[in-house]
There are 4 protein chains.
Amino acid sequence: MTWKDLRGGKVAAFVSGGLDSTTVIHWLTSHGIKVLAVTADLGQPDEKNLEDVPRRMKAAGATEAILVPGKEILARYMLQVIQGLGHYEGKYLNTTGIARMATVAAALGEIKKRGIKIITHGATGRGNDQVRFELAPAMLEPNIKVYAPWRDPDFISELGGRKQMIEYCHKNGLKISATLEKPYSTDANFCGLTHEAGKLESLKTPTSLVSFIMGNSPQKAPNREERVSIRFEKGVPVSVNGKRMNLVGIFEKLNKIAGKNGVGIGIDVVENRRIGIKSRGVYESPGASLLEIAYEKILELILDGNRREFFDQVSRKFAKAVYRGEWFSPLISDLLAVISNISHFATGSVTFDLYKGNVSFVKMENAPHSLYSSERSSMEKIGEVSHEAAQGYLDLATVVARALAYAKQTRKI
Amino acid sequence: MTWKDLRGGKVAAFVSGGLDSTTVIHWLTSHGIKVLAVTADLGQPDEKNLEDVPRRMKAAGATEAILVPGKEILARYMLQVIQGLGHYEGKYLNTTGIARMATVAAALGEIKKRGIKIITHGATGRGNDQVRFELAPAMLEPNIKVYAPWRDPDFISELGGRKQMIEYCHKNGLKISATLEKPYSTDANFCGLTHEAGKLESLKTPTSLVSFIMGNSPQKAPNREERVSIRFEKGVPVSVNGKRMNLVGIFEKLNKIAGKNGVGIGIDVVENRRIGIKSRGVYESPGASLLEIAYEKILELILDGNRREFFDQVSRKFAKAVYRGEWFSPLISDLLAVISNISHFATGSVTFDLYKGNVSFVKMENAPHSLYSSERSSMEKIGEVSHEAAQGYLDLATVVARALAYAKQTRKI
Amino acid sequence: MTWKDLRGGKVAAFVSGGLDSTTVIHWLTSHGIKVLAVTADLGQPDEKNLEDVPRRMKAAGATEAILVPGKEILARYMLQVIQGLGHYEGKYLNTTGIARMATVAAALGEIKKRGIKIITHGATGRGNDQVRFELAPAMLEPNIKVYAPWRDPDFISELGGRKQMIEYCHKNGLKISATLEKPYSTDANFCGLTHEAGKLESLKTPTSLVSFIMGNSPQKAPNREERVSIRFEKGVPVSVNGKRMNLVGIFEKLNKIAGKNGVGIGIDVVENRRIGIKSRGVYESPGASLLEIAYEKILELILDGNRREFFDQVSRKFAKAVYRGEWFSPLISDLLAVISNISHFATGSVTFDLYKGNVSFVKMENAPHSLYSSERSSMEKIGEVSHEAAQGYLDLATVVARALAYAKQTRKI
Amino acid sequence: MTWKDLRGGKVAAFVSGGLDSTTVIHWLTSHGIKVLAVTADLGQPDEKNLEDVPRRMKAAGATEAILVPGKEILARYMLQVIQGLGHYEGKYLNTTGIARMATVAAALGEIKKRGIKIITHGATGRGNDQVRFELAPAMLEPNIKVYAPWRDPDFISELGGRKQMIEYCHKNGLKISATLEKPYSTDANFCGLTHEAGKLESLKTPTSLVSFIMGNSPQKAPNREERVSIRFEKGVPVSVNGKRMNLVGIFEKLNKIAGKNGVGIGIDVVENRRIGIKSRGVYESPGASLLEIAYEKILELILDGNRREFFDQVSRKFAKAVYRGEWFSPLISDLLAVISNISHFATGSVTFDLYKGNVSFVKMENAPHSLYSSERSSMEKIGEVSHEAAQGYLDLATVVARALAYAKQTRKI
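Okay, so let's go over this structure. (Residues numbered from 1 in each chain as written. Chains lettered and ligands numbered in written order. Predicted model: local features only at pLDDT ≥ 70, side-chain atom pairs only at ≥ 80, totals over all residues. Heavy atoms only, no water.)

A few words on the nonpolar core. Ranked by internal contacts, the top residues of the largest apolar core, which has 396 residues, are Trp-327 of chain A, Trp-327 of chain B, Trp-327 of chain C together with Trp-327 of chain D. If near-sequence neighbours (up to four positions away) are discounted, Trp-327 of chain D is found in contact with Arg-411 of chain C together with Tyr-77, Gln-80, Val-81, Ile-98, Met-101, Phe-318, Ala-321, Val-322, Ile-332 and Leu-336 of chain D. Counting 31 residues, the second-largest nonpolar core is a separate cluster that includes Trp-3, Ala-13, Ala-62 and Ile-118 of chain C. (Core = buried A, V, L, I, M, F, W, Y, C linked by side-chain atoms within 4.5 Å. Buried < 20%, exposed > 50% of the residue type's maximum accessible area, 1.4 Å probe, protein only. Contact = heavy atoms within 4.5 Å.)

Following this line, the structure appears as structure tokens:
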């Protein structure tokens, strides 16, 4: 699809309000296309004045420009990611990936209400976001199509680089704060930040190049521990330090506490993008990371060995599917069926000491579905498990081991 | 099997030299059983004078007592665990589990040489170690049997608790350093420490109760970063900070550096034991943990998405099988076939800054099998991946997404 | 636990009415133990007169003897096994394993009503059934304990072989039909039969030794095809050849049709028992097997590639867990969450021709959630998928392939 | 890439000798492109005169036309597929997918020898083969590029349908045997046949529409059993009915025996193509299917429970990767590392009776790595496994089961 296919029609543009947004809006409208500029309020921590974005988009030419509330939906989705321990390739907590889903979900009602059939966005042609912005609408509203200026030859030839866009904005009198010198680019929402590109593309650039926004590096964190208690009920965090709050409030509170103490700040990964290419990202997700550590601690208590093994498989698969933008797919519905089946038992209060990036266990209380029993595990006392019973267990285990040895299938020293 | 089955014969006893060892040796020999006391030198960091153990075991009644070298074999096995990212249930690096295998492997030659057909050990009837000490010999030498005093009713009724053992030793004039007040028990080798039982059985006991042996807590670690470079060649670490050393030397060097900076110190887990019961352990493994982080960083560069997904499944399965004492099993041979197939490509030099428990990426160099290319991943330049190619990719991806939507299989917002 | 622990109490005995049942009941009651004999009606095809069993058990000494209805519950459980394609190690459809669960579920109410706290059964000490009869009550009613005569030294020394039991019954005037010459033993319910032991223990005994009960061998099946249509709605079979029937009726009808035509008759497997030992079984499950083939055909239409891959993992894990007697475990609840999430879309009518053991596809109709579209898949026409789009897809795919080649990670010819 | 990029150069064309081949060769050469026509001898059972193909290709305009031997390489690859039980989505044995790899592998030397840098093929833009023909060269020789006429707008607009191609050939005096009436299309090699498209695209077309080439339908198969014995040594089939033959000979012999008796004939599947679209195929692979059944039987004997579970995961992943054309990828090298690690133990002689599509077990002999022992599995005798040992095993198993019940995690009836 090129811009010519849009002529005479109206498109909905997902915009953050930055250089790309301003350029795309102006370029499309100057080609005679009507544009609804939609910005999702995801509590972007790097954007002081989100309410101002629609005004600026109108100034850039948008026919209509709106701000849609997205924090509740993002918090809800993010909690599901945490319940699935959904860190992609073992590290990245999918905070940007899931935010794309929240944006689509938050905006779709407004788009349908206006009868708009085409969505556009500013994601480029090598990244994950273009895939996410394409798959989510296709699964939710298959009749809606997506136009991506970064895959439109005309747009690219005119505005394919940062430099050209800045010049274009200056030439057209569009106010932008972007400058050429940015050392890397940042995507933000109140659950997490992604830094990538620019100088970070070199593997000789240390993580410490990044100026953190959601918290301190461990080096700059306070010199003494801060204690924090989190209570979960049926998988949902309901209070921090004994104070009940709603989910958005929990994330905001934990962002502050964890961020201050350097927890979840500066996760540096070389990952496989959806389209296969490797890329490097540096992430911040203080509240979400701490919540995940707490949730995982509860899982340690409630998952028996069989369930643990299965959950770990589900978790990896889930993290990958979320990353790949499959949030609304049948696969995710299957994985979430497991995750929510388990989260039902995730009740308990866990206390940690935070100190310069470290999360140290203090105690666990009030977990009714816990399988842990100090009585049962003790090596000392003779209780429910008789020491002699082990003999029978081992007799059977070694029959099999010996059968393997006699069949010459076992390894050598 | 009870002690009566051993009468007139000779058994090989795996002994560490502590209270249990002394008691078991004396009890068995005073029942007319000849005992070869075997101690494996695994560089136990809590044991200053390992050479002294055979002397003490002789004093306790052993017919013969030997110290067998085990550090090289442990280092080799531990490296394989690291190459498989073999942390059980996502956290514990199996340092004690693998050490059991090293002990059996190190001792077996001496045992066979003497024609001994029965092995005994001091592991209790609820833990993992009894299983490991039973399975490893059964797989390596199926004709050798195992006698466990802790599953022998006569032994248990007489010496079933720590208190009785201490009294027994005093009564029989056996020199022991053990006292009743120990707040928890510790198992040690130069790759890692396990603290468990005692006060740690309560989930209201914080990790900080433990007095760390292999390094500092983050709080006590130095106030400034220490830079460390590790070079791997075909999966094997060959130098630290540019200085070549053998594998044992690498572990010892990294134990010092990581330990000092609080890395890999105080990992606190509630885990599922092999026999199903949950138990809590606190672990130290500074060198091994740092080595694993470095190895994982190289994996980030060399594993494509398909291989990553498979390796992650292999890794989890491997960690579990190692924990369960299956080291010499066919399953492990299959898993190691994959792990070593991959480690063949794990060449590269990675540099980190260590700071109070944190490991911060500095740079990666000289990794010839790396798939990362800043050129390829860049969002800016038009290079090998054309931005337009993405259109074709997405066209296909959304055909499937829309088919799912039209078949009413997709999720709702 | 030995029979001495039961003295003065009352136990519930799961009995089939055969030699073992008669012997155990008489032996226990003659040792002064009160016994409630419980027989589950599972539509055993090898038992003409199930109502007669309680009478015979009373004659053997039972204090009370009842027949509890179990066909509906077995049909329900079996359907879940089918929806999970739950054939253990790829072949055996778990018909006996699931029947144990149905027996426990069917009987437990009667047992609890009478305040009985101990269950006994006639399963021997090497098989799977002893595990199943132990685990199911432990998960459903953890306060109920299990006594197994086959693990009681006194019982075994007196009655440990088939010969002794027959003599015991004759000596005590108990009517039995068992004779020593039985070439193998059979366990039966209306979903399937298991033949094992005896002559089948030799791997030189062909499958054809077995006299099939639920149907013909392919050789004896009719010489012409029989056409059969099965309709599923949301995963549940609702009609056969256009005629609506309830689930039990469906199984009975398909047992006849498939059995007559040699489908699902004589599945011969060497499998790993729960306790690790290998054993050989020959199975019959005509109706269940045909139902599974039909269900799998519908899955072919509705599962996209991602879901298929996950479902296949779930299915294997499920089959194993069912086999191992974990039916009431949390793991099974997780797996069933996925299976039922998928079965929701399994609507469609599938028609086959059955011929001497073969099931040949005829047609598929009325499957609203099908992803198959002849339009979409056609190689000829230019439709929804443009042939050019493939170019973009391949351009990306080969960028990754080439990166692997340049990094020297690919294989050689 | 379009034909214009090829002008003045030379391309290697993979050709089967049919309508597509003839058309493409003529079209390219008439546009001034030099073409090396390469046909791989894969023992195509539907092609009587393979040696004639190069002559016909020369007549169609090819600059040079060669026949390269491919049967040995295909047999070797196919055996690896069988050792991995590599049937895609549980059914299709990948006979066409692997043949593409054999073609590339067989031809590449000739192509490189001539310094040719571009490969072309006749696969269309929606199928799997275009992906396979693109990935295999990219992984083996990353500097070679692929040109696909079916994705070239100029070619498609002129020759995009079967009808146009036939007319084109007639107009240009090219001899072809193709006619418009073909009810479906067939791809063939001596390991298997794929029938698809045409009338088979309708799910109301029964499997029986297909005229089988490699053997009889069950209905037409002989009325009495044929006995067949296959011996494997270290995973490799070495003799049939006691007669040693090489691998190609084994496949050819078993194709005859199995084909005659209706085994592996008419496997009908709706599968997920690599690009996501569903398609239907009907397959014939008599020899390969029988070999797989025999190999699986040996696996039943040698795989312990842990290894079985892992192998099953490997197998599914392997089948999918083979289907997707990833044969030369690192993932496949990992999977084959496991598969060959296991096949090392696959020694044994298995005998079956074949009868009208059924394969009935007769006996298994001389399998030194077998874990099966009738002694060990017997329910009757007291041998290596004491019936009492089971008590200990169960005591432990039920401690965990009860812990789950007390923690309220177990299911209800």
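Right, let's get into the interface of chain D and chain B. Of the residues lining the interface, 24 residues belong to chain D; the matching set on chain B comes to 24 residues. Area buried by chain D at its contact with chain B is led by Phe-310, Lys-317 and Asp-334 of chain D, which between them contribute 28% of it. Our enumeration of links across chain D and chain B arrives at four salt bridges. Measuring nitrogen to oxygen at the nearest pair gives 2.7 Å for the salt bridge that ties Arg-307 of chain B to Asp-334 of chain D. The interface formed by chain D and chain B contains six residue pairs in polar contact (both at pLDDT 80 or more). Counting residues per element, the side of chain D that touches chain B draws most heavily on helix H11 (residues 330-343) of chain D, at nine residues. (Buried area = accessible area lost by both parts, 1.4 Å probe. Salt bridge = Lys/Arg side-chain N within 4 Å of Asp/Glu carboxyl O. Polar contact = N/O pair within 3.5 Å; in protein donor to acceptor, adjacent residues only side chain to side chain. Helix = DSSP H or I, 4+ residues; strand = E, 2+ residues; numbered from the N terminus.)

A separate point is the pairing of strand E13 (residues 348-355) of chain C. Residue and element names in this part refer to chain C. In terms of burial, E13 is largely enclosed, as eight of its eight residues are buried. Neither face of E13 is open: one carries Gly-348, Val-350, Phe-352 and Leu-354, the other Ser-349, Thr-351, Asp-353 and Tyr-355, and all of them are buried. As paired strands, strand E8 (residues 226-233) and E13 are joined by seven bridges and run antiparallel to one another. Following the sheet pairing, Arg-227 is matched in E13 by Asp-353. Pairing of E13 with strand E14 (residues 358-365), which is carried by seven bridges, proceeds in the antiparallel orientation. Note on E14: the bridge partner recorded for Val-350 is Met-364. Counting the residues that bridge the hairpin from E13 to E14 gives two residues, and of these Lys-356 lies at a positive phi of roughly 45°. (Pairing = 2+ DSSP bridges.)

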